[in-house]
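# Breakdown of the fold
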Amino acid sequence: MNSTDLEATTNAFMEGYEAEEIFFKEHKRIFPRRDVVYQLMDEIRCLIFPGYFDDESAAGVSSRTLVSERLLRIERILCEQIRRALLYGNPRMSNRDAYSEAERITGEFLAELPNIQLLLLKDVDAAFNGDPAATGREEIVLCYPGMRAIMVHRIAHELYVRNVPLIPRLMSERAHSGTGIDIHPGATIGEYFFIDHGTGVVIGETTEIGSHAKIYQGVTLGATSTRKGQALAGKKRHPTLGDYVTVYSNASVLGGDVVIGSGTVIGGSAFVCESVPENARVMVKGQEIVISQRGKVEPTWSNEG
């Protein structure tokens, strides 16, 4: 690139930075660091399930010293990233106020971690009791994508309800990219939750799910329409599921006014846009599968020279 081309291209970028709101021309902003948030997630899951994701201790065993050191490390990392997130969310906030608020939120979050661990242990039980293919709870913790997505959600949700910008979404989108399961950190999910197989599951921001719920791959708990865009922000757009609800593969349950009663089973590929009473069965009716026998198909290739 010669000097003339370099100057022209540089000027074009500078004009773009001025023209687009996304580049924050009015206020300088900083973001939480994505790589550090990922590191934080790894530290938290090693704290909750010692030995499963690291070599610092045997599986299920961790010394008091190691736990204390890990908590202090999480506190240091999380406080700094929350400070950055708060300054992003409110660029007029002073650094001192941001640090003070970050300390408060971090303290609340750390105090909640033992409760998150208890919830996740219940989720492991739900997966083990709900899947005859599981050889043990260890397999579920280590291998199941649904468990990984739920683990991240439980962590991200606690930051979401404390109004921490960006960080909960960074967490949930990492889980999404790694598992194919998209759970918005705002979703409220009860205990003993199990996602079987999991690929293609979508759970929207204002979804509410009771305890002992089970959903399969391809399920969408979503909104009926988002054409109004930001006008819908903060409004209930996604369904509510009661306790002991099962939703089978590729079913869609859509709408903020939709309530699925406790004990209900929604069959595969169902499209549900209205409320369903308790202990109901929702099935797709009228579809026909036709199987015909074809003649022998000759190969189109040959091993002969």
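The paragraphs below set out a description of the structure included in this document. Since we're looking at a predicted model, the values are computed, not measured.

## Digging into the packing of helix α2 (residues 34-48) against helix α3 (residues 64-89)
- Taken N-terminus to C-terminus, the directions of α2 and α3 make an angle of 155°; their axes are 10 Å apart at the nearest point. Between α2 and α3, the angle is such that the two are roughly antiparallel. As α2 packs across α3, the resulting crossing turns out to be left-handed. Listed contacts from α3 to Val36, Gln39, Leu40, Glu43, Ile44, Cys46 and Leu47 of α2 are Val67, Arg70, Leu71, Arg73, Ile74, Ile77, Leu78 and Gln81.
- Partitioned by chemical class, the residues of the contact of α2 with α3 number 10 nonpolar, 2 polar and 3 charged.

## Section: the nonpolar core
- Grouped together as the largest cluster of nonpolar side chains are 70 residues, with contacts concentrated most on Ile82, Phe109, Met171, Phe193, Ile203, Ile260 and Ile266.
- Breaking this core down by element, the ones donating at least two residues are α2, α3, α4 (95-130), α5 (137-143), α6 (145-160), α7 (167-179) and β3 (194-196).
- Each residue touching Ile82, except ones within four places of it in the same chain, is listed here: Ala102, Ile105, Thr106, Leu159, Val164 and Ile167.

## Description of the pattern of salt bridges
- The final tally for this structure, using the stated rule, is 17 salt bridges.
- The residue Glu101 makes a salt bridge to Arg104 at a minimum N-O spacing of 2.5 Å. Separated by 3 residues within a single helix, Glu101 and Arg104 lie in helix α4, roughly one turn from each other.
- The exposure class of Glu101 is partly exposed, given its relative accessible area of 26%.
- Exposure remark for Arg104: the relative accessible area of 39% places this residue in the partly exposed category.
- Between Glu205 and Arg237 there is a salt bridge, with its nearest N and O atoms 2.7 Å apart. Remark: Arg237 occurs in the loop between β7 (220-222) and β8 (240-241) and Glu205 occurs in the loop between β4 (202-203) and β5 (208-209); sequence separation between them is 32 residues.
- The class of Arg237 is buried, set by a relative accessible area of 15%.

## Digging into the layout of surface pockets
- Roughly 160 Å³ of volume is contained in the second largest pocket.
- Every residue along the wall of the second largest pocket is listed here: Leu47, Ile48, Pro50, Ser62, Val67, Leu71, Leu110, Leu113, Pro114 and Gln117.
- Sorting the residues of the lining of the second largest pocket by element identifies α2, α3 and α4 as the ones contributing at least two each.
- Broken down by element, the residue count for the lining of the second largest pocket peaks at 4 residues, all from α4.
- Residue composition of the lining of the second largest pocket, grouped by class: 8 nonpolar, 2 polar and no charged.

## Some words on unusual backbone geometry
- Non-glycine residue His212 carries a positive phi angle of around 60°.
- Of note, the phi angle at Asn250 is positive, near 65°, even though the residue is not glycine.
- Among the secondary structure elements, Asn250 is positioned in the loop between β9 (246-247) and β10 (252-254).
- Classification of Asn250 as partly exposed rests on a relative accessible area of 46%.

## Digging into the environment of Gly229
- In this fold, Gly229 is placed in the loop between β7 and β8.
- Considering only alpha carbons, one finds Gly229 and Tyr38, 191 residues apart in sequence, at a separation of 29 Å.

About the criteria used
- Residues numbered from 1 in each chain as written.
- Predicted model: local features only at pLDDT ≥ 70, side-chain atom pairs only at ≥ 80, totals over all residues.
- Heavy atoms only, no water.
- Axes fitted to C-alpha atoms, helices over the stretch in contact; angles between N-to-C directions.
- Helix = DSSP H or I, 4+ residues; strand = E, 2+ residues; numbered from the N terminus.
- Parallel < 35°, antiparallel > 145°, perpendicular 65-115°, else oblique.
- Left-handed = near helix turned anticlockwise from the far one by under 90°.
- Contact = heavy atoms within 4.5 Å.
- Nonpolar A, V, L, I, M, F, W, Y, C, P; charged D, E, K, R; others polar.
- Core = buried A, V, L, I, M, F, W, Y, C linked by side-chain atoms within 4.5 Å.
- Buried < 20%, exposed > 50% of the residue type's maximum accessible area, 1.4 Å probe, protein only.
- Salt bridge = Lys/Arg side-chain N within 4 Å of Asp/Glu carboxyl O.
- 1 Å grid on protein atoms, 1.4 Å probe; cavity = no way out; pocket = protein on both sides within 12 Å on 5 of 7 lines; lining within 4 Å.
- Points joined across faces, edges and corners; volume = space filled by probe spheres on them.

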